[in-house]
Amino acid sequence: MNENLRIDISRLKRRLDMVNAIGALPGGGVERLSLTNEDKEVRDLLCKWFDELDLELRIDQMGNMTGTWITDSKGPPVAIGSHLDTVGSGGYFDGSLGVVAGLEVLETLKKAGVMPPKPLSIINFTNEEGVRFTPDMMGSFAFAGLGDPNELWKAKAEENHDLSLKNELENIGYLGSDICGQYPLDSYFELHIEQGPVLEREGIDIGVVEKVQGIFWTEYLLKGNANHAGTTPMSMRRDAGYVAARINTFVRDLTKQIGGVQVGTVGITNFFPNLINVVPQDVRLTVDLRNTEKNKLVEAQETLQSFVTKVAHEESINFEFSELVRFDPVDFDKNMIYSITMAANSLGYSSRTMPSGAGHDAQMMASICPTTMIFIPSKDGISHNINEFSSDADIEKGANVLLLAVTNRLGI
Ligand SMILES: [Zn+2]
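What you are looking at is a predicted structure, and each value in this text was computed from that prediction instead of being measured. (Residues numbered from 1 in each chain as written. Predicted model: local features only at pLDDT ≥ 70, side-chain atom pairs only at ≥ 80, totals over all residues. Heavy atoms only, no water.)

A. Highlighting the coordination of the zinc ion. The protein atoms that coordinate the zinc ion are His 83 (NE2), Asp 94 (OD) and His 192 (NE2), at distances spanning 2.0 to 2.2 Å. Counting the intervening residues between successive donors of the zinc ion yields the motif H-x10-D-x97-H. One end of the pair, His 83, is in the loop between strand E3 (78-82) and helix H3 (96-111); the other, Asp 94, is in the loop between E3 and H3, and 11 residues separate them in sequence. The same class applies to His 83 as to Asp 94, namely buried. (Donors = N, O, S within 2.8 Å, 3.2 Å for Na, K, Ca; no water. Helix = DSSP H or I, 4+ residues; strand = E, 2+ residues; numbered from the N terminus. Buried < 20%, exposed > 50% of the residue type's maximum accessible area, 1.4 Å probe, protein only.)

Below you can see the structure in the form of structure tokens.
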């Protein structure tokens, strides 16, 4: 019977609209930064839906929310998850689609009157985006037992360093008591927009995600000497701004040198004192390096580090650095990947395997259970932007693939 089940796209879209009414921006798009009032509001809405669907709500120490359809089985649940937080001028689909699609799959099964042989959980992970608190994917990181909540709680809010993650979890009422790392799962599925141009360009319905790029974020603090732009001879300058510029162009050269899928970005350069006629004294600069192969990523990081050491020495600049994020590349489970391909095939949708260029909660779940992701096309590859768009037809296909793959995994 499971081949004939289909999700209800209008019900799914209704939920998506309700989620995105919270934190809606005047010009379109949405802003629901982690652990803000908007995040509280969307979490309250999710609690209401969990309640309506008769799910058992659990909230852990990191505020991760799990709604579980308890069945006769004592085994660990099959899980579907993603995140309801967004970036500052975020789109409609990133994260929220995965959570509402999970609810839709569960409701479709409930309405069909089936009783799955395994429990089914829907998860909303805390702070996937990492905009307000660093690092990103923090909730799933702790959920998988990879990070200590006591340490992660100390993360400071970007806009106010007096506010810690723990304070803010308490303030919005989502500091739970469940211990992280102690909730075993049978498997984990995540439906997500591609956030890149490949599926649309190739006219393919479904991306079957086989791996996620590793991400290394490094912050450099360069310390030189502020001085007069007119009277300080070039040979006597300790110009932190110049070193920052050298690092910036080097990162581009490095990506060419490593080649393949290596990408590198200098996203932040904050100058101090940031004045037109003063040699920059201090610069805070961040480097984002990504690759699907760990050895290449390590090579990129080490090459960058020796370059920074060399150029800082040449220019008499002192520097400190800290690794803000270090996530190794992750390979997803072969059987799970196959199950998505087969589900797409049997529904008559085209599919291809592909890596994910963005980080996702799924990569954390891959360390504790068989995991994979389903991608659907993003119009013009745009994401983290108010113009992010995926069509109803594509959402419906993605959610039906999710439904069929989950149904098979549940053993219905
Ligand atoms: Zn996302």
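B. Broad picture of the nonpolar core. With 97 residues, the main nonpolar core has Leu 109, Leu 120, Leu 165, Ile 206, Val 401, Leu 402 and Val 406 as its most contacted residues. With 9 residues, helix H12 (residues 392-410) is the largest single contributor of residues to this core. Three or more residues apiece are contributed to this core by two domains, here domain 1 (2-212 + 329-410) and domain 2 (214-327). If we ignore the near neighbours within four places in the chain, the residues touching Leu 120 are Gly 67, Thr 68, Trp 69, Pro 77, Val 78, Ile 80, Leu 106, Leu 109, Val 406 and Leu 410. Core analysis: the second largest hydrophobic core is formed by 24 residues, Ala 244, Ala 300, Ala 312 and Ile 317 among them. (Core = buried A, V, L, I, M, F, W, Y, C linked by side-chain atoms within 4.5 Å. Domains from an automatic or database assignment. Contact = heavy atoms within 4.5 Å.)

C. Focus on the packing of aromatic side chains. According to the stated counting rule, one finds 10 aromatic pairs in the structure shown. Aromatic pair Phe 93 and Phe 389: ring centres 6.1 Å apart, planes at 90°, arrangement edge-to-face. Of the two residues, Phe 93 is situated in the loop between E3 and H3 and Phe 389 in the loop between strand E17 (371-376) and H12; the sequence distance between them amounts to 296 residues. Ring centres of Tyr 220 and Phe 321 lie 6.2 Å apart, and the angle between their planes is 35°; this geometry places the pair in the tilted category. In this pair, Tyr 220 sits in strand E9 (residues 214-223) while Phe 321 sits in strand E14 (residues 318-327), placing the two residues 101 residues apart along the sequence. Exposure remark for Phe 321: the relative accessible area of 41% places this residue in the partly exposed category. Aromatic rings pair up to connect Phe 125, Phe 143, Tyr 183 and Tyr 188 into one cluster. Over the face of the ring belonging to Trp 49 we find Arg 15, whose NZ or CZ atom lies 5.2 Å from the ring centre. (Phe/Tyr/Trp six-rings, centres within 6.5 Å; stacked < 30°, edge-to-face > 60°. Lys NZ or Arg CZ within 6 Å of the ring centre and 35° of its normal.)

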